[in-house]
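Breakdown of the fold
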Amino acid sequence: TNIYVHIDMANLIAESDETNNKNFNTVLVSSAPDAVKNLVASASTTISVALTWNATGDDGFTGNLNNSTFTIQYTSVAAWAQGNSWSTNTATVPGYVYTVEIATTGVTAGSQRFRNQTGLAPNTTYFFRLWTKDDVGRYSPLSNGATASTLANPVTGAQVYNVFYTSVTVIWQT
């Protein structure tokens, strides 16, 4: 949401001029942060995904973020992630969608941000989105989507089970 101030220029125009009350300038005073456009997710471990992005500003792409938040949502449910149901209102999202809020102060517009999201399931694909909220509670539009899969658990106890002329059968525990 943008906040505009109208500056009436009536006192600069003669009273006989019929456009007297129609002329004004509109000045943008403040706006919500712009959407993050470069959210990237990459596999980190069996239980974590690394996220990176560049911060937007307090007003669009300008101004520092003070007393603000980055709100990250993620899910492993592809059908939900591909829909348009992402929301900062956590009461409206299902239980399989998780929300993390990161407090920000002194974050410069354009600076690179990092988050290592832990507590995830191994060998699972996750879908991430984020918003930036400024100090007066205005949210940015939704970021681009980022997708990454956690790594699979390593194979342990591998044993050769059978040997053939052109292949080998191996068994292991997970």
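Whatever comes next refers back to the structure up there.
Reference entry: report on the structure contained in this document. (Residues numbered from 1 in each chain as written. Predicted model: local features only at pLDDT ≥ 70, side-chain atom pairs only at ≥ 80, totals over all residues. Heavy atoms only, no water.)

**Section: the pairing of strand S11 (residues 168-173)**
Put simply, the rule is: One bridge is not enough; two strands pair if DSSP finds at least two bridges between them. Note on conventions: DSSP H or I runs of at least 4 residues are helices, E runs of at least 2 residues are strands, and numbering of each starts at the N terminus.
In terms of strand pairing, strand S10 (residues 156-163) meets S11 through five bridges, oriented antiparallel. Across the sheet, Thr-156 pairs through a bridge with Gln-173, a residue of S11. Where S10 hands over to S11, the hairpin turn is made up of four residues, counted between the paired strands.

**What to know about a nonpolar patch on the surface**
Spelled out, the test is: Only residues whose relative accessible area exceeds 30% and that form no salt bridge enter a patch; like-charged residues are grouped when within 9 Å of one another, and nonpolar side chains (Val, Leu, Ile, Met, Phe, Trp, Tyr) when within 5 Å. In short, Shrake-Rupley with a 1.4 Å probe defines the accessible areas, and a residue's cover is counted only from the protein chains shown. Salt bridges are defined by distance alone: a side-chain nitrogen of Lys or Arg within 4 Å of a carboxyl oxygen of Asp or Glu.
A surface patch of nonpolar side chains, amounting to about 560 Å² of accessible area, comprises Val-155, Val-160, Val-163, Val-168, Val-170 and Trp-172. Those elements giving two or more residues to the nonpolar patch turn out to be S10 and S11. Broken down by element, the residue count for the nonpolar patch peaks at three residues, all from S11. Here Val-155 is to be found in the loop between strand S9 (146-149) and S10.

**Quick notes on the sheet that holds S9**
Definition in use: Here, axes are lines fitted to C-alpha atoms. For helices the fit covers the stretch in contact, and angles between N-to-C directions go from 0 to 180 degrees.
Pairing within the open sheet is antiparallel, and its four strands lie in the order S6-S5-S8-S9. Each having just a single partner strand, strand S6 (97-104) and S9 make up the two edges of the open sheet. Across this sheet, the average inter-strand angle for adjacent strands is 25 degrees, counted without regard to direction. With seven bridges joining them, strand S5 (residues 68-75) and strand S8 (residues 125-133) adopt antiparallel strand pairing. Paired with Thr-69 across the bridge in S8 is Lys-133.

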